[in-house]
Amino acid sequence: MTTNISYYINLRARDATFEKFDVKNFSQECSEIARGFLRKFPEYQPTPLYSLKDLAKKLGVRDILVKDESYRFGLKAFKVTGSSFALGKFISEKLGINIRDVSPSQNLLSTIRSRLGLLTFTTGTSGNHGTGLAWAAQKFGQRAVIYVPKGAAAGRKAKLEQLGAEVRQTEENYDDTIDLVKKIAPQTGFQIIADTGWEGYEIIPVWIMQGYTAIFNEVRDQLTEQGFDPPTHIFIQGGVGSFSGSAVGYYTNQLGQDRPKIAVVEPAPAACLQESARHADGRARRIKSDLNTMMAGLACAQPNPVAWPVLRDYADFFISCADVFAETGMRTFAYPIGDDPKIVSGASGAVGLGLLLMLLENDDYADLKLRLGLNKNSRILLFNTEGDTDPEHYHHIIQK
Ligand SMILES: Cc1ncc(COP(=O)(O)O)c(C=O)c1O
């Protein structure tokens, strides 16, 4: 396996000597509200938290726990937790009601129709966020128009259409597609629900990130129910950084300096979070790149400015690696050892495991392993953020 990874150790994360970004938006209460909202859907159930016991034994660590979002609402990815919560918050604000009173009931659907008419929600997406938004729009009887970047897999577009969305193909990458949506939305009256932010568009991306905290709320209960000690390490994928920012915000809010060490993992050609962290001025950077990676969900050139300050101030490590790490992760999940469960994981979902394997099995990164403090007492939490959202690609990789 090629071992070309690049990393940045963020010393700001544990430095308490300067004023840091406030993580009040990611409290336990907020995660309860988000989870309470998700519970209103009949499809809701917590996604599994698996323990890969035999793999942990083989690699010489105490636990490898995997929160498996491939089961989320039958949509095969975590993103719907954020897109649906943001849509729910939008409706609650428009109607002037509490989010706790928003549910996809016939009553509320009629109220929305009579008071707000038929709304059209839109976003630019490589797949999973759009799928979540289309699903939520359908549940609330509304319309979704989804702009997809070039190279989006046919299967992902078909899924959007199945969920009643109108798909508009662009010739741009993810970031330029977002720019296009920003231009088009005011002309059409479409309401943008994007999973990233920009100047003047900051509230909805916070709601999206708050929606994701429902996942960490579930993990908290599952750790207790299953008798696991809290994790010492989290490896979490970074695209624009909303998901990782939400995790870092939640664990910092809950545990302060006692939070696990958190490593944000990106594809090498799309490591905009790592690049931003390397600059002492603390400003997020848009990288120039072809974003050529099979980790479609992580192929982003620019951090979400709403998530960025959280990551900048509290994420411990930024690590980037090549596609081959995701491939190894996918196959390791697909063909488990011993009694470990089989996990279906797409490219963006599996890279954390691929990286962990490399760190624990390959001496080339002994220094990083040491800095991460990975040893026989480590309890590592991973997030399988997607299943086979692109089945053709998934089978191609696991059969290699
Ligand atoms: C499967 C998957 N994992 C991780 C991410 C990364 O999330 P974020 O862009 O919030 O960093 C995405 C984003 O679309 C995704 O689709």
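Remember, predicted model here, so these are calculated numbers, not experimental data.

*Asks:* Explanation requested: the packing of helix α3 (residues 80-95) against helix α5 (residues 128-139) in the structure shown.
*Replies:* Two numbers describe a pair of packed helices, the interaxial angle and the distance between the axes. One can describe the packing of α3 onto α5 by two numbers: an axis separation of 8 Å at closest approach and a directional angle of 40 degrees. Taken together, α3 and α5 sit at an angle that is classed as oblique. For the element pair α3 and α5, the recorded crossing hand is right-handed. Counting all contacts with α3, which are made through V80, S83, S84 and L87, the residues of α5 involved are H129, G132, L133, W135, A136 and A137. The class makeup of the residues in the contact of α3 with α5 is six nonpolar, four polar and no charged.

*Asks:* Even after reading the chapter, I still don't get the pattern of salt bridges, so can you show me in this structure?
*Replies:* Side chains that carry opposite charge are capable of pairing whenever their charged atoms lie near each other. Per the stated rule, a full pass over the model turns up 23 salt bridges. Among the salt bridges present, the one from D316 reaches R14, with a minimum N-O distance of 2.8 Å. One end of the pair, D316, is in the loop between α11 (308-314) and β10 (317-321); the other, R14, is in the loop between β1 (6-9) and α1 (28-39), and 302 residues separate them in sequence. Judged by relative accessible area, D316 falls into the buried class, the value being 5%. For the salt bridge of R285 with D281, the shortest nitrogen-to-oxygen distance reads 2.9 Å.

*Asks:* How should helix α7 (residues 174-188) be read in this particular structure?
*Replies:* Along an α-helix, residues three or four apart share an orientation, since each turn contains 3.6 residues. Taking 1.5 Å as the rise per residue, α7 with 15 residues should run 21 Å; its terminal C-alpha atoms sit 20 Å apart, in good agreement. Within α7 the residues assigned to the buried category are Y174, D175, T177, I178, V181 and A185. Tucked into the core, α7 has its buried residues touching β4 (120-124), β5 (143-148) and β7 (191-192). Between the side-chain oxygen of the N-cap and the backbone nitrogen of D175 there are 3.1 Å, and the N-cap of α7 in question is N173. Immediately downstream of α7, the backbone of G189 shows phi near 80 degrees, a positive value.

*Asks:* Mind showing me how you'd approach the sheet that holds β5 here?
*Replies:* The strands that make up a sheet are held in pairs by hydrogen bonds between backbone atoms, and each pair lies either parallel or antiparallel. Taken in spatial order, the four strands of this open sheet run β6-β5-β4-β7, and their pairing is parallel. Looking at which strands have only one partner, the edges of the open sheet turn out to be β6 (166-169) and β7. As defined by bridge partners, β5 adjoins β6 across four bridges and the pair is classed as parallel. The partner of V148 across the bridge, within β6, is Q169.

*Asks:* Would you mind going over the site of the ligand with me for this structure?
*Replies:* Close contacts around the ligand come from 14 residues, with N128, G239, G241, F243 and T385 the closest. A distance of 3.3 Å separates an oxygen atom of the ligand from a polar side-chain atom of K79. Surface burial for the ligand is 97%, taken as the share of its 390 Å² of free accessible area covered by protein chains. Residue composition of the shell around the ligand, by class: four nonpolar, eight polar and two charged.

*Asks:* What am I meant to see in the packing of aromatic side chains here?
*Replies:* Both the distance between ring centres and the angle between the ring planes are used here to describe each pair of aromatic rings. Across all of its chains, the model carries 21 aromatic pairs by this definition. Aromatic side chains F216 and F383 sit 5.6 Å apart centroid to centroid with 85 degrees between the ring planes, which places their arrangement in the edge-to-face category. One end of the pair, F216, is in helix α8 (residues 203-225); the other, F383, is in strand β11 (residues 379-384), with 167 residues separating them in the sequence. Here the two residues F216 and F383 agree in accessibility, since each one is buried. Between W308 and F318, the aromatic rings sit 6.1 Å apart at their centres with planes inclined by 45 degrees, giving tilted as the arrangement.

*Asks:* In this structure, what is going on with the pairing of β5? I would like to understand it.
*Replies:* Note on strand geometry: in a regular strand, side chains alternate between the two faces of the sheet. The element β5 is largely enclosed, with a buried count of five among its six residues. Where β4 meets β5, five bridges bridge the pair, whose relative direction is parallel. Along β5, the bridge assignment pairs G124 with Y147. Crossover β5 to β6 through helix α6 (residues 154-162) is right-handed.

Parameters and conventions
- Residues numbered from 1 in each chain as written.
- Predicted model: local features only at pLDDT ≥ 70, side-chain atom pairs only at ≥ 80, totals over all residues.
- Heavy atoms only, no water.
- Axes fitted to C-alpha atoms, helices over the stretch in contact; angles between N-to-C directions.
- Helix = DSSP H or I, 4+ residues; strand = E, 2+ residues; numbered from the N terminus.
- Parallel < 35°, antiparallel > 145°, perpendicular 65-115°, else oblique.
- Left-handed = near helix turned anticlockwise from the far one by under 90°.
- Contact = heavy atoms within 4.5 Å.
- Nonpolar A, V, L, I, M, F, W, Y, C, P; charged D, E, K, R; others polar.
- Salt bridge = Lys/Arg side-chain N within 4 Å of Asp/Glu carboxyl O.
- Buried < 20%, exposed > 50% of the residue type's maximum accessible area, 1.4 Å probe, protein only.
- Expected span 1.5 Å × (residues − 1).
- Polar contact = N/O pair within 3.5 Å; in protein donor to acceptor, adjacent residues only side chain to side chain.
- Pairing = 2+ DSSP bridges.
- Near = heavy atom within 4 Å.
- Areas by Shrake-Rupley, 256 points an atom, 1.4 Å probe, with all protein chains shown as cover.
- Phe/Tyr/Trp six-rings, centres within 6.5 Å; stacked < 30°, edge-to-face > 60°.
- Right-handed = clockwise from strand over helix to strand, strands pointing away.

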